[in-house]
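# Remarks on the overall topology
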Amino acid sequence: MKNHFLKTITHAIYPALFALIFCDQARGQTANALQTWVKENELTGEEQARVNGYFPDKARMELSYAQLSFDASSPEFHITFPDGSEVTLINSRTKSYGPKTQSWRGYTADGRGSATITVNQGMITARISPTLKSCWIIRPISKDRHVIYRANQLKPPAEESPEDYQKMVSGLLAPKNDKERNPEPGEQGGMGLSGNDCYIRILVGFESGIIEADPVGFAIECVELSNTIYAQSQINFE
C-alpha cells in the first residue's frame with residue numbers, strides 16, 4: 001500500500017516538474033521575428049510591383065519573402081535567415097520617433113555582429129550583420145510582408161580620386177564661403193564640440209508616388225546607420 005502511494009505521488013510530480021522546467025525555458029527564449037515564409041507566387045500585384053521597383057535586376061539576387069513581427073521594446077532580437085542560419089542580438093539602444101515608430105540597435109554577445117532596426121507602424125527596415133563578413137537587408141513591401149536578401153559585400157567603388165582625396169586632406173577643397181551661419185536659439189560659441197550634444201537636423205522630402213512601402217522607416221534607418229558610424233568613429237554628431 002505504501003509503495004503504491006509513493007508511485008502515485010511520483011507519477012503526479014514528474015509531469016508537474018517537467019511542465020515547470022519547460023515553461024521556464026520557453027520564457028527564456030526570445031521570440032523569432034520570422035512569423036512565416038511567403039512564396040513569390042503568393043505576393044499581391046502591388047507587392048510584386050514594389051519588388052520589381054526595388055530590384056530591377058532581380059534575377060541575379062537571392063530574394064526571400066516573409067511575414068515578420070518585432071516589438072522594439074524587446075531586450076533581444078532573434079531571427080532565422082533564408083539560408084537557415086540564426087542570430088540573436090542584445091539591445092544597446094532604443095529610440096522613439098513617435099508612438100508607433102522606434103529604432104533599435106543591438107550587438108551579438110561576442111560583439112562581432114550588429115543590427116540597426118527601424119519599426120514603423122509594424123513595418124521593419126533593417127540591416128543585420130551576424131558577423132563582420134555577412135549582412136542581411138530587410139525592407140517592407142507591404143504592411144505585413146517583407147523582402148529579405150543578402151547584401152553584396154564586394155568593395156564599393158571609390159567616390160573620390162586619389163588626387164581629390166589628397167586635396168580634401170590638405171584642405172584645398174574646403175568651402176570658400178566666409179559667411180557665418182546664423183546660430184541656433186540659445187546656442188553659445190563652441191557648443192557641442194567637446195560634448196555629446198552636437199545634433200544635425202535633416203529634412204527628408206519625398207513625393208506621394210514613391211515606391212517605398214515605408215519611406216519614413218527607410219529615412220529613419222538611414223539616419224540611424226549614420227549615427228552608428230559616427231558613434232563607432234567617436235564623432236560627436238548625431
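What you see is a predicted model; the values in this text were computed from it and never measured.

Criteria and cut-off values
Just so you know, the residues in each chain are numbered from 1, in the order the chain's sequence is written. At least 70 in pLDDT is required for a residue's local features to be given in this predicted model, at least 80 for side-chain atom pairs to be given and counted, and no such filter applies to totals for whole chains, interfaces and linings, which use all residues. Side-chain figures throughout are based on the complete set of non-hydrogen atoms in the structure, without hydrogens or water. A run of H or I in DSSP becomes a helix once it reaches four residues, and a run of E becomes a strand once it reaches two; helices and strands are each numbered from the N terminus. Relative accessible area decides the class of each residue, using a 1.4 Å probe on protein chains only: under 20% of the type maximum gives buried, over 50% gives exposed, and in between gives partly exposed. We define a polar contact as two N or O atoms separated by no more than 3.5 Å, with the added condition that, inside protein, one atom must be a possible hydrogen donor and the other a possible acceptor, whereas residues neighbouring each other in sequence contribute only through side-chain atom pairs. Contacts are assigned to residue pairs with any non-hydrogen atoms lying within 4.5 Å of each other. Two strands make a pair as long as DSSP finds a minimum of two bridges between them. Whenever a helix is involved, its axis is fitted only over the stretch in contact; in every case the axis is a line through C-alpha atoms, and angles between N-to-C directions fall within 0 to 180 degrees. Put simply, a salt bridge is a Lys or Arg side-chain nitrogen that is within 4 Å of an Asp or Glu carboxyl oxygen. Patch membership needs two things, relative accessible area over 30% and no salt bridge, and members are linked within 9 Å if like-charged or within 5 Å if nonpolar (Val, Leu, Ile, Met, Phe, Trp, Tyr). Only the protein chains shown count as cover for residues, with accessible areas throughout obtained via the Shrake-Rupley method and a probe of 1.4 Å.

## What about the side chain of E47?
Following the sequence through the fold, E47 ends up in helix α2 (residues 45-54). Judged by relative accessible area, which is 6%, E47 ranks as buried. Within the local environment of E47, its side chain forms a polar contact with the backbone nitrogen of T44, the two atoms lying 2.9 Å apart. If near-sequence neighbours (up to four positions away) are discounted, E47 is found in contact with I141, S142 and R145.

## Things to note about the pairing of strand β2 (residues 63-68)
Judged by how many residues are buried, β2 sits mostly within the fold: five of six residues are covered. Across four bridges, strand β1 (residues 34-38) lies against β2 in antiparallel orientation. Across the sheet, residue T36 finds its bridge partner in β2, namely Q67. The pairing of β2 with strand β9 (residues 145-150) spans five bridges and is antiparallel. Its bridge partner lying in β9, A66 is registered against H146.

## Some thoughts on unusual backbone geometry
Despite not being glycine, Q121 has its phi angle at roughly 55°, a positive value. Tracing the backbone through its elements, the reader meets Q121 in the loop between β6 (114-120) and β7 (123-131).

## A look at the pairing of β6
Judged by how many residues are buried, β6 sits mostly within the fold: six of seven residues are covered. Of the strand pairs in this sheet, strand β5 (residues 101-107) and β6 are connected by seven bridges, and their pairing is antiparallel. From the neighbouring strand, G106 faces β6, where its bridge partner is A115. Between β5 and the antiparallel strand that follows it, β6, lie six residues; G111 among them carries a positive phi value of about 80°. Bridge count between β6 and β7: seven bridges; the pairing is antiparallel. Note that in β7 the partner of N120 across the bridge is M123.

## What about the sheet that holds β6?
Within the open sheet, the nine strands sit side by side as β1-β2-β9-β8-β7-β6-β5-β4-β3. Their pairing is antiparallel. Sheet topology places β1 and β3 (76-80) at the edges, where each strand pairs with a single neighbour. On average, each strand axis in the sheet is inclined to that of its neighbour by 25°, with strand direction left out of account. Sheet topology places β7 next to strand β8 (residues 134-140); four bridges connect them, and they run antiparallel. Bridge pairing links I128 to W136 in β8. Across the sheet, α2 lies against β2, β8 and β9, angled at about 135° from β8, the strand it touches most.

## Re the pattern of salt bridges
The full count for this structure, using the stated rule, is seven salt bridges. In this structure, the salt-bridge partner of R50 is E46, at a minimum N-O distance of 3.7 Å. Of this pair, R50 and E46 are both found in helix α2, four residues apart, which corresponds to roughly one turn of the helix. Of the residues examined, E46 reaches a relative accessible area of 54% and is grouped as exposed. Residues joined by salt bridges that share partners form a network here, namely R93, K95 and E238.

## Side note on a nonpolar patch on the surface
Taken together, the side chains of I200, I202, V204, F206, V216, I235 and F237 make up a nonpolar region of the molecular surface, amounting to roughly 610 Å² of accessible area. Here I235 shows up in the segment after α4 (215-232).

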